[in-house]
Amino acid sequence: MNGHAAATTRPTLSAQSARALVDAACGEANTKSVPVTVIAVDESGVLKEARRMDRAPLVSLQTAINKAYAAAAIGMPPDDFFAAIESDGAAVASFAARPGLALIAGGVPILVDGQVAGAIGVAGAMTGAEDRQIAEAAVARAGG
């Protein structure tokens, strides 16, 4: 292969870590009495763990999936990304039109040595800011 590595390795969220993240997020949501849906994805945005708490809105399932996928795909919280591109109407239109990409608060990437290993998405609270706070608390609590 002309001296180049035939394959690369990258960190990935383990099943155990995905479960710990979801458990931590649901624990945080319980302390606030806020039923949410929590999604953990791997570095490619593929589902690793999902939980829709009792009484979480039905719409929160797809929203949490889209938030987690966006955080993994972009490598930063999607609402931070939106804030960075907000003044560029063409960029906003381009990203907003992509299926499965939510540019709203509640998605947080999991980084290992500066590389995306996965992400968590939370949806169902009354505000995206509250979803994000639950996601960030889960990452801190689970050691992500």
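This report concerns the structure included in the present document. All figures in this text were calculated on a predicted structure; none of them were measured in a lab.

### Some points on the overall build of the chain
Then, number 1: The secondary structure content of the chain amounts to five helices and four strands.
Then, number 2: Secondary structure of the chain in N-to-C order comes out as α-β-β-α-α-α-β-β-α.
Then, number 3: Here the chain has a C-alpha radius of gyration of 15 Å; the compact-globule value for 144 residues is 15 Å, and the two agree.
Then, number 4: For the chain, the C-alpha atoms occupy an extent of roughly 60 × 40 × 20 Å along the three principal directions.
Then, number 5: Relative to its full complement of 144 residues, the chain shows a buried share of 44%.
Then, number 6: Across the chain, the fraction of contacts at a sequence separation of at least 24, relative to all contacts at a separation of at least 6, is 66%.
Then, number 7: Of the roughly 7,500 Å² of accessible surface on the chain, a fraction of 54% belongs to carbon and sulfur atoms.
Then, number 8: For the chain, the centre of its 11 positive side-chain charges and the centre of its 14 negative side-chain charges are spaced 6 Å apart.

### Focus on helix α3 (residues 78-85)
Then, number 1: Of the residues making up α3, those classed as buried are P78, F81 and I85. What you see down the axis of α3 is that its buried residues fit within an arc of 55°, all on one side.
Then, number 2: Elements in contact with the buried residues of α3: α2 (59-74), α4 (89-96) and β3 (107-112).

Definitions and cut-offs
Residues numbered from 1 in each chain as written. Predicted model: local features only at pLDDT ≥ 70, side-chain atom pairs only at ≥ 80, totals over all residues. Heavy atoms only, no water. Helix = DSSP H or I, 4+ residues; strand = E, 2+ residues; numbered from the N terminus. Rg over C-alpha atoms; globule rule 2.2 N^0.38 Å. Buried < 20%, exposed > 50% of the residue type's maximum accessible area, 1.4 Å probe, protein only. Contact = heavy atoms within 4.5 Å. Areas by Shrake-Rupley, 256 points an atom, 1.4 Å probe, with all protein chains shown as cover. Lys, Arg positive; Asp, Glu negative; His and termini not counted. Charge placed at Lys NZ, Arg CZ, Asp CG, Glu CD. Arc of directions from axis to C-beta.

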